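A structural walkthrough
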Amino acid sequence: MAENTTPERIQMWRDSLDRLEAIGAGTIVPGGEGPGAACDPALFGAPRVFIDQCHRTLAETSTPKLLRAAMTDGNEDRAVDWVPDSSIGAVFPG
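A brief look at the structure comes next. Everything numeric here is computed off the predicted structure, so don't read it as measured data. (Residues numbered from 1 in each chain as written. Predicted model: local features only at pLDDT ≥ 70, side-chain atom pairs only at ≥ 80, totals over all residues. Heavy atoms only, no water.)

Topic: the packing of helix α2 (residues 45–60) against helix α3 (residues 64–72)
Put simply, the rule is: Axes here mean lines fitted to C-alpha atoms, for a helix over just the part in contact, with angles spanning 0 to 180 degrees between N-to-C directions. In this text, helices come from DSSP runs of H or I with a minimum length of four residues, and strands from runs of E with a minimum of two, each type numbered from the N-terminal end. The labels follow the angle: roughly parallel below 35 degrees, roughly antiparallel above 145, roughly perpendicular from 65 to 115, and oblique for the rest. Crossing handedness is read from the near helix: turned anticlockwise from the far helix by less than a right angle, it gives a left-handed crossing, and turned clockwise, a right-handed one. The criterion used for residue contact is that any of the two residues' heavy atoms lie within 4.5 Å.
At their nearest, the axes of α2 and α3 sit 9 Å apart, and the two run at 160° to each other. Accordingly, the angle class assigned to the pair α2 and α3 is roughly antiparallel. Handedness of the crossing formed by α2 with α3: right-handed. Seen from α2, the contacting residues are F50, Q53, C54, T57 and L58; seen from α3, they are L66, L67, A70 and M71.

Structural data, given as structure tokens:
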């Protein structure tokens, strides 16, 4: 999310997932997953849910604490610690 904090960038991310899925990408290397994560096409669904969740929160939140809560809610078993920190720093610098 750190590189995708505008609606346009978020849509580009979604479009990239769609293109990769459409061409039948067989191996996906998840950037925000923990050790031992699957690297197969089943992984396409999780980023879409995460993107939508974060996009909604970016439009509604005004504090780093609320953004962190939204980014980790339901993702506790997947996201590594630096993912929310990196994204929060991009939205709320300083």
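Notes on the nonpolar core
Filter applied, for reference: Definition used in this section: a nonpolar core is a set of buried Ala, Val, Leu, Ile, Met, Phe, Trp, Tyr and Cys residues joined via side-chain atoms within 4.5 Å. A simple rule labels every residue: compare its accessible area, found with a 1.4 Å probe on the protein chains alone, to the largest value its type can have, and call it buried under 20%, exposed over 50%, or partly exposed in between.
Counting residues in each nonpolar core, the largest one holds 7 residues, listed as I10, L17, A25, I28, L43, F44 and I51. Once residues lying within four places of it in the same chain are set aside, the contact partners of F44 are L17, L20, E21, A25 and I28. Formed by 5 residues, the second largest nonpolar core is a distinct cluster that contains F50, C54, L67 and M71.

A short note on the pattern of salt bridges
Formally: The salt bridge definition used is simple: a Lys or Arg side-chain nitrogen within 4 Å of an Asp or Glu carboxyl oxygen.
Per the stated rule, a full pass over the model turns up 3 salt bridges. Residue D52 pairs with R14 through a salt bridge whose shortest N-O separation is 2.5 Å. In this pair, D52 sits in helix α2 while R14 sits in helix α1 (residues 7–22), placing the two residues 38 residues apart along the sequence. A residue is classified by how much of its surface remains accessible, and D52, at 30% relative accessible area, is partly exposed. Salt-bridge contacts for R48 lead to E21; the nearest nitrogen and oxygen are separated by 2.8 Å. Remark: E21 occurs in helix α1 and R48 occurs in helix α2; sequence separation between them is 27 residues. Owing to a relative accessible area of 22%, R48 belongs among the partly exposed residues under this scheme.

Remarks on the packing of α1 against α2
The criterion, for reference: Residues are sorted three ways: Asp, Glu, Lys and Arg are charged, Ala, Val, Leu, Ile, Met, Phe, Trp, Tyr, Cys and Pro are nonpolar, and all the rest, Gly among them, are polar.
At a closest axis distance of 11 Å, the pairing of α1 and α2 adopts a crossing angle of 170°. Our classification of the angle between α1 and α2 gives roughly antiparallel. The segment α1 lies against α2, with P7, I10, W13, R14, L17, D18 and E21 engaging P47, R48, F50, I51, D52, H55 and L58. The residue inventory of the contact of α1 with α2, partitioned by class, reads 8 nonpolar, 1 polar and 5 charged.

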